[in-house]
Amino acid sequence: MKDLLFFDKMLTPKFITVIYWLLLAGVVIGGIGMMFAGYGGMSFGSFFSGLLTIVFGAIGVRIWCELMIVLFKMNEALQDLRHK
């Protein structure tokens with residue numbers, strides 16, 4: 001408990017996995033919504049843009065979460081070096 005109160009142990013890395021899955025679900029739902037939404041219903045352009053949103057959104061979410069994990073891993077490595 002002392003580690004959490006004095007910020008010696010980070011709590012956020014545990015939530016990044018949950019945040020990743022929520023963002024990924026949002027990207028997929030948003031992409032499917034783009035595919036089938038529009039003024040005249042589904043068209044090739046809206047379907048293609050929704051598909052691109054799903055693909056590049058999923059890649060972008062993954063990269064963002066990995067960068068967050070890397071930052072916290074660097075912090076853990078620095079904490080280990082400090083304690084040695």
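This write-up is about the structure you can find in this document. (Residues numbered from 1 in each chain as written. Predicted model: local features only at pLDDT ≥ 70, side-chain atom pairs only at ≥ 80, totals over all residues. Heavy atoms only, no water.)

1. A few points about the nonpolar core
Phase 1: Core analysis: the biggest nonpolar cluster contains 7 residues, these being Ile16, Tyr20, Leu24, Val27, Val61, Cys65 and Phe72.
Phase 2: Broken down by secondary-structure element, the contributors of at least two residues to this core are helix H2 (12–36) and helix H3 (44–83).
Phase 3: In terms of residue count, H2 provides more of this core than any other element does, 4 residues in total.
Phase 4: Beyond its immediate sequence surroundings of up to four residues, Tyr20 is in contact with Val61, Arg62 and Cys65. (Core = buried A, V, L, I, M, F, W, Y, C linked by side-chain atoms within 4.5 Å. Buried < 20%, exposed > 50% of the residue type's maximum accessible area, 1.4 Å probe, protein only. Helix = DSSP H or I, 4+ residues; strand = E, 2+ residues; numbered from the N terminus. Contact = heavy atoms within 4.5 Å.)

2. Details of the pattern of salt bridges
Phase 1: Applying the stated rule across the entire model yields 1 salt bridge.
Phase 2: In this structure, the salt-bridge partner of Glu66 is Arg62, at a minimum N-O distance of 2.7 Å. Placement of the pair is Glu66 and Arg62 together in helix H3, with a separation of 4 residues, close to one helical turn.
Phase 3: Here Arg62 falls in the partly exposed class, since its relative accessible area comes to 42%. (Salt bridge = Lys/Arg side-chain N within 4 Å of Asp/Glu carboxyl O.)

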